[in-house]
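Chain by chain, the residues run as shown.
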Amino acid sequence: MFSLGSWLPALPSLAWAWALLDAFLQGLVGACAVSVLCSLLKVYLYIQCVNNLERQAEKEAIAARRPLLELLHMLVLTGVLALVGSRVAALVVLEFSLRAVSTILSLGKGAHSSQLYLLCQYSLGCGVSCGLSFLLEGAPHRTWNLVLAAGLAGLLALHARRLARHVCALYELHSRARYCGVCILLLAAGHGIPRLLRNALALTFAVADLAAVELINRDFLSTGEAMRFWTPLTICYTLLVVYMQEESRQSTGRGLVFRTVVVRMGGLFILLLTVGRWTDILHVFVSLLGELWCLLCSGVLLESCWKQ
């Protein structure tokens, strides 16, 4: 099963160690995907603030460098995604997909897609982890594939972070002097970053949703058993989406975002108390911490989205 240790005796402790390594690598790839998303959003929001005199304080807050916080964010998110089981991660992905479709359909009524990109951070990490778990299931060189994926994802995250730092430090000067190709490109096409993110996220979550359904269904032995799980899940998620849509019409701001996270995870906790396992309950609490951590670390970007 684990290619790196195929020549070693099949010891339970060794198998557990390789499984832990695979989980860590999957979590690292998911955390890198979240880092790329945040870096590109930071670039977009900064560019939007540059030419607006009323948003100079907001621009300075976005440009503030927090290297230790960024590193801590990556480490914590990697650990959380590594700890969350595939079953709960799949449920988080499906819940966000339903919520995203509902939000997109209501965009004409005042919803903001840029905020939705930030709210999907943890779900994106879970989606990448689910997709990798499904696509590499039974692969003869699973661990090596994950190492390669983690290396490529790390390089992409590093370059996206460097782009964000370059823009925050030099975009105003370079866009006026017109001698930096990157800044000139952003000056001409920076408004297309949300569309790029939308297409990338749509593809990622399409794969993640298929993987999530398959990962959940493989635990059921019959159609009747699957229906006993999917029916209350569908009802629960539908009620949650309706509740959050009503809440978003009545109030906005940081309090609403954190309140909806608690309500969503509370609904998932109650559902899994009846149709889940005890490990699922533990993973729900880990997911709650992951959601709150992502929102806390992106507080400045969320404030910028609300002010647009």
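Calculation notes
Residues numbered from 1 in each chain as written. Predicted model: local features only at pLDDT ≥ 70, side-chain atom pairs only at ≥ 80, totals over all residues. Heavy atoms only, no water. Helix = DSSP H or I, 4+ residues; strand = E, 2+ residues; numbered from the N terminus. Buried < 20%, exposed > 50% of the residue type's maximum accessible area, 1.4 Å probe, protein only. Contact = heavy atoms within 4.5 Å. Phe/Tyr/Trp six-rings, centres within 6.5 Å; stacked < 30°, edge-to-face > 60°. UniProt positions renumbered as here; feature names shortened; annotations may be inferred. 1 Å grid on protein atoms, 1.4 Å probe; cavity = no way out; pocket = protein on both sides within 12 Å on 5 of 7 lines; lining within 4 Å. Points joined across faces, edges and corners; volume = space filled by probe spheres on them. Nonpolar A, V, L, I, M, F, W, Y, C, P; charged D, E, K, R; others polar. Salt bridge = Lys/Arg side-chain N within 4 Å of Asp/Glu carboxyl O. Disulfide = S-S within 2.5 Å. Axes fitted to C-alpha atoms, helices over the stretch in contact; angles between N-to-C directions. Parallel < 35°, antiparallel > 145°, perpendicular 65-115°, else oblique. Core = buried A, V, L, I, M, F, W, Y, C linked by side-chain atoms within 4.5 Å.

Draft legend 1. Spotlight on the overall build of the protein chain. Along the backbone of the protein chain there are 13 helices and 0 strands. Secondary structure elements of the protein chain occur, N-terminal to C-terminal, as α-α-α-α-α-α-α-α-α-α-α-α-α. Burial status across the protein chain gives 48% buried among its 308 residues. Restricting the contact set of the protein chain to residue pairs at least 6 apart, pairs at least 24 apart contribute 78%.

Draft legend 2. View of the packing of aromatic side chains. Summed over all chains, the structure comprises 2 aromatic pairs. Seen in terms of ring centroids, phenylalanine 96 and phenylalanine 205 are 5.0 Å apart; in terms of plane orientation they differ by 35°. Their pairing is tilted. Of the two residues, phenylalanine 96 sits in helix 4 (residues 86–105) while phenylalanine 205 sits in helix 9 (residues 193–217), which places them 109 residues apart along the sequence. For the residue pair phenylalanine 96 and phenylalanine 205, the accessibility class agrees, reading buried in each case.

Draft legend 3. Region of interest: the UniProt feature "transmembrane region" (unreviewed entry) in the protein chain. Under the present numbering, the feature "transmembrane region" (unreviewed entry) in UniProt falls on residues 68–94, 114–136, 143–164, 229–244, 256–275 and 281–302. Across residues 143–164 one finds 100% helix and 0% strand; the C-alpha atoms that close the span lie 31 Å apart. Taken end to end, residues 281–302 comprises 95% helix and 0% strand; its first and last C-alpha atoms sit 29 Å apart.

Draft legend 4. View of empty space enclosed by the protein. The full count for this structure, using the stated rule, is 1 cavity of 30 Å³ or more. Put simply, the largest cavity is a space of about 60 Å³. Along its surface, the largest cavity is lined by Leu91, Val92, Glu95, Tyr237, Leu240, Arg264, Met265 and Leu268. The set of elements that each furnish at least two residues to the lining of the largest cavity consists of helix 4, helix 10 (223–250) and helix 11 (254–275). Within the lining of the largest cavity, the residues separate by chemical class into 6 nonpolar, no polar and 2 charged.

Draft legend 5. Just the pattern of salt bridges, in detail. Following the criterion strictly, the structure yields 7 salt bridges and no others. For arginine 142, the salt bridge goes to aspartate 22, with nearest N and O atoms at 3.2 Å. Highlighted residues: arginine 142 in helix 7 (residues 142–177) and aspartate 22 in helix 1 (residues 12–50), separated in sequence by 120 residues. Given a relative accessible area of 3%, aspartate 22 falls into the buried group.

Draft legend 6. Geometry of the side chain of glutamate 95. Here glutamate 95 shows up in helix 4. Leaving out residues up to four positions away in the same chain, glutamate 95 has contacts with Tyr237, Met244 and Arg264.

Draft legend 7. Up close: the state of the cysteines. Tallied over the full model, the rule gives 0 disulfides. Counting only cysteine sulfurs, cysteine 126 is the nearest neighbor of cysteine 130, a cysteine outside any disulfide, at a range of 6.5 Å. Counting only cysteine sulfurs, cysteine 180 is the nearest neighbor of cysteine 183, a cysteine outside any disulfide, at a range of 3.7 Å. The class for cysteine 183 is buried, based on a relative accessible area of 0%.

Draft legend 8. Structural detail: the packing of helix 7 against helix 8 (residues 181–189). Viewed as axis vectors pointing N to C, helix 7 and helix 8 meet at an angle of 80°, and their least axial separation amounts to 9 Å. As judged from the angle between their axes, helix 7 and helix 8 are roughly perpendicular. For the pair helix 7 and helix 8, the contacting residues are Leu163, His166, Val167, Leu170, Tyr171, His174 and Ser175 in the first and Val182, Cys183, Leu186 and Leu187 in the second. Per-class residue counts for the contact of helix 7 with helix 8 are 8 nonpolar, 3 polar and no charged.

Draft legend 9. The nonpolar core, seen in detail. Tyr122 and Leu268 are the most contacted members of the largest nonpolar core, which has 88 residues in total. If we skip the residues at most four places from it in the chain, leucine 268 touches Val88, Leu91, Val92, Tyr237 and Val284.

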